[in-house]
Amino acid sequence: PDTTDNYEFHVSNDDHCVVRVNGTKVYEMLGHTWISETTLGGPITTVPLTAGQPADIYVELVNHGGPTHMIVRWKNSSMSEPEPIPTENMFPVPQ
């Protein structure tokens, strides 16, 4: 991130979803569920992130049939609403 702060992670998903940041579970929705693309599930905890330091964000999505979607947003104390994680802040995991 560009700012050192505590971050919340909010997710819109269809079916089973788990999000971990630096090993800490920040979101979980199990089973056959559906949260619309305009509704965000709230965080279960916040995670401290340091500006300029990479964070390991692990996302697991299981679709139990039909169409699916997942949107992950983050929010720190200076943001009024959760925002999409900027793609320039994302890097692939080396294989």
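Reading the values: rules and limits
Residues numbered from 1 in each chain as written. Predicted model: local features only at pLDDT ≥ 70, side-chain atom pairs only at ≥ 80, totals over all residues. Heavy atoms only, no water. Phe/Tyr/Trp six-rings, centres within 6.5 Å; stacked < 30°, edge-to-face > 60°. Helix = DSSP H or I, 4+ residues; strand = E, 2+ residues; numbered from the N terminus. Buried < 20%, exposed > 50% of the residue type's maximum accessible area, 1.4 Å probe, protein only. Pairing = 2+ DSSP bridges. Core = buried A, V, L, I, M, F, W, Y, C linked by side-chain atoms within 4.5 Å. Contact = heavy atoms within 4.5 Å. Axes fitted to C-alpha atoms, helices over the stretch in contact; angles between N-to-C directions.

## Digging into the packing of aromatic side chains
For the coordinates displayed, the defined rule picks out two aromatic pairs. Ring geometry for Tyr-7 against Trp-74: centres 4.9 Å apart, planes inclined by 40°, an arrangement best described as tilted. One end of the pair, Tyr-7, is in strand 1 (residues 5–13); the other, Trp-74, is in strand 6 (residues 70–75), with 67 residues separating them in the sequence. Judged by its relative accessible area of 2%, Tyr-7 falls in the buried class. Three or more aromatic residues joined by ring pairs form one cluster here, namely Tyr-7, Phe-9 and Trp-74.

## Let's talk about the pairing of strand 6
Pairing between strand 1 and strand 6: six bridges, direction antiparallel. Within the sheet, the bridge partner assigned to Val-11 lies in strand 6 and is Val-72. Alignment of strand 6 against strand 7 (residues 83–84), held across two bridges, turns out to be antiparallel. Within the sheet, the bridge partner assigned to Arg-73 lies in strand 7 and is Pro-84.

## Here's the deal with the sheet that holds strand 4 (residues 47–49)
Spatially, the four strands line up as an open sheet ordered 4-1-6-7, and their pairing is antiparallel. Two strands lie at the open edges of the sheet, namely strand 4 and strand 7, each paired on one side alone.

## Concerning the nonpolar core
Counting residues in each nonpolar core, the largest one holds 14 residues, and the members touching the most others are Phe-9, Val-11, Val-19, Val-21, Val-26, Leu-49 and Trp-74. Going through the elements one at a time, strand 1, strand 2 (16–21), strand 3 (24–29), strand 4 and strand 6 are the ones with two or more residues in this core. For Trp-74, the contacting residues outside a window of four places in its chain are Pro-1, Tyr-7, Glu-8, Phe-9, Leu-49, Met-79, Pro-82, Glu-83, Pro-84, Ile-85, Pro-86 and Asn-89.

## Quick look at the pairing of strand 1
For strand 1, a buried count of seven out of nine residues is recorded, marking the element as mostly surrounded by other parts of the structure. Strand direction decides the pairing type here: strand 1 and strand 4, joined by three bridges, are antiparallel. The residue of strand 4 that forms the bridge with Asn-6 is Pro-48.

## Examining the sheet that holds strand 5 (residues 57–62)
Overall, antiparallel pairing links the three strands, which are arranged 3-2-5 in an open sheet. With one partner strand each, in any of the chains shown, strand 3 and strand 5 form the two edges of the open sheet. For this sheet, the mean inter-axis angle between neighbouring strands, taken without regard to orientation, is 10°. Bridging between strand 2 and strand 5 involves six bridges; their strand directions are antiparallel. The residue of strand 5 that forms the bridge with Val-21 is Ile-57.

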